[in-house]
Protein chains: 4
Amino acid sequence: MSAKIPAIVSNRVSDEAKRMTDVVAKFVEEDCVPADPVLEAQVGEGDARWESHPPIVEELKAKARKLGLWNMFLPKGYYAESPGWTNLEYGIMAEWLGRSRVASEACNCAAPDTGNMEVLAKYGNAAQKEKWLKPLMDGKIRSAFLMTEPGVASSDATNIELDIKREGNEYVLNGQKWWSSGAGDPRCQIYIVMGKTDPSNRDPYRQQSVVLVPANTPGIKINRMLRVYGYDDAPHGHGHLTFTNVRVPVSNMVLGEGRGFEIIQGRLGPGRIHHAMRSIGASEVALDWMLMRVNDESKKPFGKLLREHGVILEWIAKSRMEIDAARLVVLNAAIKMDEQGPKGALKEIAQAKVLIPQTALTVIDRAIQSFGGAGVCQDTPLANMWAGIRTLRLADGPDEVHLQQMGRNENKRGREATERIKRQQARTAELMKRHGAQTAQPGTRIRHSKM
Amino acid sequence: MSAKIPAIVSNRVSDEAKRMTDVVAKFVEEDCVPADPVLEAQVGEGDARWESHPPIVEELKAKARKLGLWNMFLPKGYYAESPGWTNLEYGIMAEWLGRSRVASEACNCAAPDTGNMEVLAKYGNAAQKEKWLKPLMDGKIRSAFLMTEPGVASSDATNIELDIKREGNEYVLNGQKWWSSGAGDPRCQIYIVMGKTDPSNRDPYRQQSVVLVPANTPGIKINRMLRVYGYDDAPHGHGHLTFTNVRVPVSNMVLGEGRGFEIIQGRLGPGRIHHAMRSIGASEVALDWMLMRVNDESKKPFGKLLREHGVILEWIAKSRMEIDAARLVVLNAAIKMDEQGPKGALKEIAQAKVLIPQTALTVIDRAIQSFGGAGVCQDTPLANMWAGIRTLRLADGPDEVHLQQMGRNENKRGREATERIKRQQARTAELMKRHGAQTAQPGTRIRHSKM
Amino acid sequence: MSAKIPAIVSNRVSDEAKRMTDVVAKFVEEDCVPADPVLEAQVGEGDARWESHPPIVEELKAKARKLGLWNMFLPKGYYAESPGWTNLEYGIMAEWLGRSRVASEACNCAAPDTGNMEVLAKYGNAAQKEKWLKPLMDGKIRSAFLMTEPGVASSDATNIELDIKREGNEYVLNGQKWWSSGAGDPRCQIYIVMGKTDPSNRDPYRQQSVVLVPANTPGIKINRMLRVYGYDDAPHGHGHLTFTNVRVPVSNMVLGEGRGFEIIQGRLGPGRIHHAMRSIGASEVALDWMLMRVNDESKKPFGKLLREHGVILEWIAKSRMEIDAARLVVLNAAIKMDEQGPKGALKEIAQAKVLIPQTALTVIDRAIQSFGGAGVCQDTPLANMWAGIRTLRLADGPDEVHLQQMGRNENKRGREATERIKRQQARTAELMKRHGAQTAQPGTRIRHSKM
Amino acid sequence: MSAKIPAIVSNRVSDEAKRMTDVVAKFVEEDCVPADPVLEAQVGEGDARWESHPPIVEELKAKARKLGLWNMFLPKGYYAESPGWTNLEYGIMAEWLGRSRVASEACNCAAPDTGNMEVLAKYGNAAQKEKWLKPLMDGKIRSAFLMTEPGVASSDATNIELDIKREGNEYVLNGQKWWSSGAGDPRCQIYIVMGKTDPSNRDPYRQQSVVLVPANTPGIKINRMLRVYGYDDAPHGHGHLTFTNVRVPVSNMVLGEGRGFEIIQGRLGPGRIHHAMRSIGASEVALDWMLMRVNDESKKPFGKLLREHGVILEWIAKSRMEIDAARLVVLNAAIKMDEQGPKGALKEIAQAKVLIPQTALTVIDRAIQSFGGAGVCQDTPLANMWAGIRTLRLADGPDEVHLQQMGRNENKRGREATERIKRQQARTAELMKRHGAQTAQPGTRIRHSKM
Ligand SMILES: Cc1cc2nc3c(=O)[nH]c(=O)nc-3n(C[C@H](O)[C@H](O)[C@H](O)COP(=O)(O)OP(=O)(O)OC[C@H]3O[C@@H](n4cnc5c(N)ncnc54)[C@H](O)[C@@H]3O)c2cc1C
Ligand SMILES: Cc1cc2nc3c(=O)[nH]c(=O)nc-3n(C[C@H](O)[C@H](O)[C@H](O)COP(=O)(O)OP(=O)(O)OC[C@H]3O[C@@H](n4cnc5c(N)ncnc54)[C@H](O)[C@@H]3O)c2cc1C
Ligand SMILES: Cc1cc2nc3c(=O)[nH]c(=O)nc-3n(C[C@H](O)[C@H](O)[C@H](O)COP(=O)(O)OP(=O)(O)OC[C@H]3O[C@@H](n4cnc5c(N)ncnc54)[C@H](O)[C@@H]3O)c2cc1C
Ligand SMILES: Cc1cc2nc3c(=O)[nH]c(=O)nc-3n(C[C@H](O)[C@H](O)[C@H](O)COP(=O)(O)OP(=O)(O)OC[C@H]3O[C@@H](n4cnc5c(N)ncnc54)[C@H](O)[C@@H]3O)c2cc1C
């Protein structure tokens, strides 16, 4: 709720946003969280899991829309339909969405649709917007973003190989994609596909293009869905697809040939903030569950409530402390992004991207441990949460890639830092002289006495 | 292979055991590891997963038996049919078994059968042995051990509540059990059940009894199977069962009423060593897979092989170092157990129990990370391994319980340590006097000059 | 400099404070940091270390005063002479002070004087203020705060034993104190002493009183000065003192008998923020030095600059990330304190108190390691910094005490969290019913087929 | 004592060595530990610290010699005067030596003399042995090993620059050295100096030579002594020296020009084991002190003994567990060295070199924390211990260098691991075919229903 907004940002959050945060919080806690197991139940079993559209989702979407909770992610001023929240404000709401599996979709704020809508809003032409952005913003269809490929190290996008060749008025696509999140959902109708139109271009950042490909285009085959630590995440899931001579009209090109890199880079900032804030919401849920367990009167190992076993209160304190610190890191990035755009907030976003999943995993793992056997199974949301967030350490750029980049950037200060210290040392020498002072070093008189 | 046996224990391993280790290693690497995906394929889908008995398992069992790889776990001298390996020797073999999912069962060395066979061998009477131990040792049937209950903190066995009442020549059982590993397997025919025959006994360690209950006894219901981070571990799985007026003849009591605690305590030592050594085997597999990935010529993020990215070699070095240290800890415990029995090796076993899963999880997690998306899905054994080993931090006594116990034991040295230090300090005082020496403390002359 | 103020708080910092931050930064970088080794040189050797008053300090004080950098710590509105900065604003300045050893004293913002001035300003009567606060605020004298005692666990202030007995118009003090920081300085003229006037009071928080004791009162003996990892921190140092029938007039009582607890509690909030922000400044210095080393052209182990050895850039990135996160945590606490006072900011202050030293120690230790041998010796400020900050994990309340307290506080949400989750589960049950849905659990059909 | 020798190695330790371990243990506990503060007192203050030879040391040496505790480090069969212990056996004794500061010197087993004696014994000619090795082995003089230089990254020995030029029958040395441990001791009479005789040799490992230089040779200046976190380690200390036209006869060359690398490499193995085992001894002392503190009846924060505060028992348990694991790692390396020499034990020694200091630092830091303020000052041996062991993470090859090397070595298995896994995958494919099995992948039937 708005009352929990940290002091440090409170004055930047409009009253309207605070009010809306309370609405989101109430909706999530009272409608979405209870609906999560219903969703899972409605997804069904076996093959049906990939054909189902759980009715509970539409019920929640209707309610969310009525409450004004719709497309909140669309940044202020960015698009006519934007509800007008800043990244900070939406970030605060996103934390609440992160407490429930279904909540983001219920408010039409679920990945990868959010990023895809941003791409279309920012780079799509009028026809593309009409055809795909509109139904997406209406929650009528869903979408997938197809970049990663099984054959190459995709954390470096220049490695992408899917072949896009122009033949007359069509582009012909050949290749494989995997980790196409959302591709399992029967409502997923459009793929935003990255591939190479000009693999021999000398500039490795001009070889790629982004093309819109309807999901039912002939030649596309979903080979299978990928599991994440045993979870299939149905119905949206993560697809492994083959493209064999898949043809789309040239008008499906976004922005123009060779501009793929530009597009995917513009896509990443806000999404990272959203994931991070949702992870914080998940951490709060984990902490709540842990609090429930350690105060459970029926669970007394060795004659004491769990909360009375010394180490447990320390887990709780650390979790509280780490979550609170993590939140500040993300909100700072959101504000920087509000002020200077994703480019200006590069460092802050990368820090949030790396720090938050690690914090969340630690907190959730503690909660799991506090539940004993119950923690790893289907009786709490914890194990599933953990698996989902574990992937954030490698999706969207693995930790190591971000750390290398951040290290290189910070190291640019090397010369300046060196020079400053050298200047200070020179000044010390001067001062020493002026004051007739001399550094006392032990043992300076050793030789004289020894020889 | 035997060549990898650490120097420190090599001289304690008989030539015969070394030879056999090579046989195990070859069997695991050439027959079992390749069979793991076949097993998974034969388990099938949906409800069938709980009715299947994968033919590949029997094929491997036949081969193992022919190779002399059968019941190796049964400690030397302990039982007529024991192949005669020491805990150390079997530990070394168990590391190899841990490299494959199917290998332990193929050699009739899989949990929970191993512990159950030990219970029957050690505490069962002749009739019980004939009826249950024999087919278990022949690999004809499987078994489950039912202690943990959903309603109480089961890491403290005195909390167990399942009610066992004598009525005439029968015991009547009522209550719930969960995490009954193996209960899913259609071949699982016998449950070793712990419950309370005398809940009001003043001695909390005399309230429990262990009873043998055939799986098909009326009144037993498997409510469902539990998932572990999304994996169902079919066909053996982990059952959640209800007992409603389940009746067994009084002859099914093991050892006698009130002796349940004694029985489960005797059960735990060797199993912990086995789990630990298997986890080390799993860690080695993870390291091998990581080595494969980081040298994969087709995976070059940012123009370099992964092994050329600085941090990766450090991961490999640390993994090697941590696995090697972990192995020594377990083998030391095994030797202590060989020499002084499980009781004498309490400390060493607890140390292995706590340390090894943490090491293995760290190593496996690094391997997962090095694979990017591939690491968390079904394309490597890594994610599944991680989930399995994660449970070892809480099953068989959570880390925290062991640490408390170990801390209390170590702290018993408190008085002795204090007295020794005090004695040394007294002696210092004497020496100072004799030498006319005085501790130089800074600032001892301050007051004189200031006042 | 003001340009580095994090986005998240930038709008709360007045232009005047920004301007002043630049002044502080310049003063610290150009005057104080170069003066640090001069200070150390002027402190001298042997006994002289406790009698010296380095001239460089007065030189810097004069300059600071001229620049308007004086008593910046005194919170806004709190005292007539306060320069009027908020805790946030002073916090930002304090980070700069933390880059130099001498800077805080140069600006009359050094502990323990700051806390002592606050005590006097807040709780002292007019005569006490005139006599002690005025010269302290003028930088004419220094002070010490004497709470901790060698004989008891002083992290729990109720254990304090120093005996304060009223005899006529005097209080007579008997007992020992140690870790009396600043007691070594020849200019330290006043001790703020906590002791027990009413040890048998039933309310353990009413037994203590705080009394002002001039340093040169007969009966006080400085037994010795304590070292911190080999450093003596001369001239201020940390004294171990004995009080033998030390007599002060009753007018030296602060606030009244039995109000000692109240006083020391009011003292702690701001000081923790100051220490934390200074530690962040120290971390920045460490990072700068590390940047210097890893780019040093003359230091090429194995043919590469240190920055080219993979792991180093990751150290730099992590250090940057952790420092930035830590800063947000402290600034958030400062703002909360600005808005709700130290009591209202209890949680936030405790989080900063625990988190920041750990972060700083990690960062500094990395810098030390990057210097090899040079890192642990007197040639960089790093080892000394590390030792100083290490003590913050136990001074002013050890980490464990804060964590316990924080854990207990957070755990108060236990019932509310439990009830909320239970409510949500009840609602799920309703929804399931209404939707005719049922949770799919694996294995629910096992029994039927088996029996 | 011998009773604490881990089960895993017990059978490799001769009865005589066990008996001797008891003698060492008794000598250390009863004579050396109490003498440590006496030593410190006798070292004195100021300049005197570098001129003193504490009488207590000679007293202990006499006693040690009488007990047969002399030069135990000299490996079996290695040298006529060797007492004949294996590396394992001496390792076990060295743990005891590590409990006291003075013990190693008392038994003539102190660094750097031990390594230097090994060099002389292994590579010195008869005259060199007579002149320097004999008095060293008799404990008459002490020595220093001068490799590290302030101007270069010395963790890579090829960087060493000290110039050694032949002029007629003399070598002339010019350059700087620092971290010359032992150079402060007035009894230190011989320096083993590494420098370059042939800096332009194409083979970077043939440029160096090792020369024996008497400490009183004209042209040598001890500029100052280096501090380690505030400690000066007097009288032996760590010198920073300048060599200006220092002349020694050509007969002082060891082994021959260009063979310096060979010599220093032969020097390192055993020393690392000794340091590691002594660090384990230090850790045991730290744990003992912690046990004393947490059971101290006079230290009751918040109404409970420290041992009753939950987290403390966990610290104790972890410390016990980590020390025990660390010991196994070192002893395993010692055994490997006994069996295959330092080269054959490269991996094991490196693992011990990296792991043990980290473990010891963690354990000692916990002990410090448990003492509160007392832990960081001169009242316990803890802070000094910590500082000493911290340097082991960078002396003798920093952690990072060892990890890189270990990573590279382990990675050599890359191809073999890859091929094995590939072979297993091929075999899986065959088995699948033969069994008519197929991997069940979720979602394989998606397209059919969707299109
Ligand atoms: C649940 C989930 C959902 C996803 N959803 C989508 C989606 O919707 N659309 C989509 O296109 N993709 C998606 N992805 C894919 C994801 O973005 C990629 O997995 C990720 O970018 C890493 O690429 P990769 O798997 O090819 O790993 P690789 O690029 O091969 O990297 C493997 C590992 O190498 C290491 N590494 C890489 N570079 C460096 C370096 N410079 N220094 C040190 N180490 C390095 C890292 O440890 C890394 O994890 C998803 C992934 C997951 C797990
Ligand atoms: C995969 C798997 C297989 C299993 N197989 C079997 C089986 O075959 N048969 C069987 O009977 N059981 C089995 N178990 C159950 C397992 O042994 C129990 O889960 C375990 O003993 C913990 O009991 P619990 O789940 O009731 O947790 P609880 O006892 O409620 O403990 C919960 C948590 O409380 C904390 N805690 C407990 N005591 C203390 C303490 N003293 N100090 C501090 N913290 C404490 C710990 O963090 C612990 O994890 C299995 C479990 C798993 C996950
Ligand atoms: C450099 C330095 C400067 C200082 N300056 C001053 C000063 O100017 N004036 C002054 O009065 N004091 C000063 N102190 C003292 C400092 O405040 C105390 O050392 C601190 O409060 C701890 O008290 P103690 O040393 O008596 O440790 P104890 O109270 O005996 O505590 C020892 C340890 O016990 C453990 N512990 C305590 N309580 C708990 C708990 N509830 N749960 C778990 N573990 C627990 C912690 O690990 C703690 O570190 C200074 C200390 C240092 C090191
Ligand atoms: C207490 C003490 C006693 C000593 N005694 C002696 C003695 O008696 N005689 C003697 O000759 N020397 C002695 N030394 C010196 C010691 O051996 C050197 O300090 C050590 O070898 C490191 O060399 P350096 O200090 O030149 O650091 P550098 O070689 O400059 O290395 C600095 C840092 O760079 C990093 N680094 C280096 N290489 C790599 C790499 N490949 N990858 C990643 N990071 C890397 C590491 O973090 C390293 O710590 C002693 C040192 C100490 C502290």
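Every chain is numbered independently, its residues counted from 1 as its sequence is written. Chain letters and ligand numbers both follow the written order, the letters beginning at A and the numbers at 1. Since the coordinates come from a predicted model, pLDDT governs what is reported: local features require at least 70, and pairs of side-chain atoms require 80 or more to be given and counted, while whole-chain, interface and lining totals use all residues. Side-chain figures throughout are based on the complete set of non-hydrogen atoms in the structure, without hydrogens or water.

Structural notes on the relation of the copies chain A and chain C
Superposing chain A onto chain C takes a rotation of 180 degrees combined with a translation of 0.0 Å along the rotation axis, leaving an RMSD of 0.1 Å. Taken together, the rotation angle and the small translation identify this as a two-fold axis. Note on contacts: a residue pair qualifies if any of its non-hydrogen atoms lie within 4.5 Å across the two residues. Mapped onto chain C, 100% of the interface residues of chain A are again interface residues, and the two copies thus contact each other with one and the same surface. A residue counts toward the fit only if its pLDDT is at least 70 in both copies, and the copies are then superposed by least squares on the C-alpha atoms of those residues.

Quick word on the site of ligand 1
Around ligand 1 sit 30 residues, and of these Thr148(A), Ser155(A), Trp179(A), Arg293(B) and Gln369(B) come closest. Note on definitions. A residue lies near a molecule or strand when any single heavy atom of the residue is within 4 Å of it. Surrounding ligand 1 are residues belonging to chains A and B, so the site spans chains. Within the backbone of Ser154(A), a nitrogen or oxygen atom sits 2.8 Å from an oxygen atom of ligand 1. Counting of polar contacts relies on pairs of N or O atoms within 3.5 Å, with two restrictions inside protein: one atom must be capable of donating a hydrogen and the other of accepting it, and residues adjacent in sequence are counted only when both atoms are side-chain atoms. At 2.6 Å from an oxygen atom of ligand 1 is found a side-chain nitrogen or oxygen belonging to Arg293(B). Computed with a 1.4 Å probe, the accessible areas rest on the Shrake-Rupley method; for each residue, only the protein chains presented here act as cover. A total of 980 Å² of accessible area belongs to ligand 1 in isolation, and the protein chains cover 93% of it. Counting from the N terminus, the helices are the DSSP runs of H or I reaching at least four residues and the strands are the DSSP runs of E reaching at least two. For the shell around ligand 1, the elements supplying multiple residues, two or more each, are β3 (170-181) and α13 (399-411) of chain A together with α10 (346-370) of chain B. Among the elements that make up the shell around ligand 1, the one with the highest residue count is α13(A) (three residues). By the convention adopted, Pro, Cys, Tyr, Trp, Phe, Met, Ile, Leu, Val and Ala count as nonpolar, Lys, Arg, Asp and Glu as charged, and the other residues, Gly among them, as polar. Residues that form the shell around ligand 1 fall into these classes: 14 nonpolar, 13 polar and three charged.

Looking at the relation of the copies chain D and chain C
Structural alignment of chain D on chain C gives an RMSD of 0.1 Å, achieved by rotating through 180 degrees and translating 0.0 Å along the axis. With an isologous cut-off of 70% or more, the 100% of interface residues of chain D that recur at the interface of chain C puts this contact in the isologous class.

Looking at the interface of chain A and chain C
Each partner contributes to the interface: chain A provides 81 residues, whereas chain C provides 81 residues. Two parts placed together each lose some accessible area under a 1.4 Å probe, and adding up what both lose gives the buried area. Counting the surface lost from both chain A and chain C, the interface buries some 6900 Å², and carbon and sulfur atoms represent 60% of this. Any carboxyl oxygen of Asp or Glu that lies within 4 Å of a side-chain nitrogen of Lys or Arg is treated as forming a salt bridge with it. Connecting chain A to chain C are 16 salt bridges. As a salt-bridge pair, Asp288(A) and Arg413(C) come within 3.0 Å of each other at their nearest N and O atoms. Counting every contact that joins chain A to chain C gives 34 residue pairs in polar contact (both at pLDDT 80 or more). For the side of chain A that touches chain C, the secondary structure elements donating two or more residues are α1 (7-10), α2 (15-43), α3 (55-66), α8 (260-294), α9 (310-344), α10 (346-370), α13 and α14 (414-435) of chain A. The element contributing the most residues to the side of chain A that touches chain C is α9(A), with 17 residues. Grouping the constituent residues of the side of chain A that touches chain C by class yields 37 nonpolar, 20 polar and 24 charged.

Regarding unusual backbone geometry
The omega torsion across Ala111(A) and Pro112(A) is 0 degrees, close enough to zero to call that bond cis. Within the secondary structure, Pro112(A) is located in the loop between α5 (103-106) and α6 (113-123). Cis peptide bonds are those with omega within 30 degrees of zero, and the linkage from Ala234(C) to Pro235(C) qualifies with 0 degrees. With respect to the helices and strands, the residue Pro235(C) is situated in the loop between β6 (220-225) and β7 (238-249). Backbone geometry places Asn108(A), a non-glycine residue, at a positive phi of 55 degrees. Examined against the element boundaries, Asn108(A) turns out to sit in the loop between α5 and α6. Positive phi, normally seen in glycine, also occurs at Asn71(C), with a value near 55 degrees. Checked against the element boundaries, Asn71(C) lands in the loop between α3 (55-66) and α4 (87-97).

A word on the pairing of strand β3 (residues 170-181) of chain D
Residues in a regular strand project their side chains so that they alternate between the two faces of the sheet. All names here are of chain D. Pairing between two strands requires that DSSP report at least two bridges joining them. Sheet analysis places strand β2 (residues 163-167) next to β3, joined by five bridges and oriented antiparallel. From the neighbouring strand, Ile164 faces β3, where its bridge partner is Leu173. What sits between β2 and β3 in their antiparallel hairpin is a turn of two residues, with Gly168 showing a positive phi close to 60 degrees. With nine bridges connecting them, β3 and strand β7 (residues 238-249) associate as antiparallel partners. Looking across to β7, one finds that Tyr171 is bridged to Val248.

Brief notes about the UniProt feature "domain: Acyl-CoA oxidase/dehydrogenase middle" (unreviewed entry) in chain A
UniProt positions are given in the numbering used here, feature names are shortened, and annotations may be inferred rather than shown by experiment. The UniProt record annotates "domain: Acyl-CoA oxidase/dehydrogenase middle" (unreviewed entry) at residues 144-246 of chain A. Helix makes up 0% of residues 144-246 of chain A and strand 50%, and the two end C-alpha atoms of the span are 16 Å apart.

A closer look at the pairing of strand β1 (residues 142-146) of chain A
Residue and element names in this part refer to chain A. With five of its five residues buried, β1 lies for the most part within the structure. Pairing between β1 and strand β4 (residues 188-196): five bridges, direction parallel. Counted as the bridge partner of Leu146 is Val193 from β4. We call a residue buried when its accessible area falls under 20% of the maximum for its residue type, exposed when it is over 50%, and partly exposed in between, using a 1.4 Å probe and counting protein chains only.

Focus: the site of ligand 4
Around ligand 4, the surrounding shell holds 31 residues, and the nearest of these are Arg293(C), Gln369(C), Thr148(D), Ser155(D) and Trp179(D). Around ligand 4, the neighbouring residues derive from chains C and D rather than from a single chain. Arg293(C) places a side-chain nitrogen or oxygen 2.6 Å from an oxygen atom of ligand 4. The separation between an oxygen atom of ligand 4 and a polar main-chain atom of Gly373(C) is 2.8 Å. Mapped onto the shell around ligand 4, the elements with two or more residues apiece are α10 (346-370) of chain C together with β1 (142-146), β3 and α13 (399-411) of chain D. Of the residues forming the shell around ligand 4, the biggest block, three residues, is contributed by α13(D). When the residues that make up the shell around ligand 4 are grouped by side-chain class, the tally is 15 nonpolar, 13 polar and three charged.

Thoughts on the pattern of salt bridges
Tallied over the entire structure, the rule returns 192 salt bridges over all chains. Between Arg49(A) and Glu40(A) there is a salt bridge, and its shortest N-O distance comes to 3.2 Å. On the basis of relative accessibility, which here comes to 14%, the residue Arg49(A) falls in the buried class. On the accessibility criterion, Glu40(A) (23% relative accessible area) is partly exposed. In this structure, Asp31(B) and Lys63(B) form a salt bridge, with 3.1 Å as the shortest nitrogen-oxygen distance. Of the two residues, Asp31(B) sits in helix α2 (residues 15-43) while Lys63(B) sits in helix α3 (residues 55-67), which places them 32 residues apart along the sequence.

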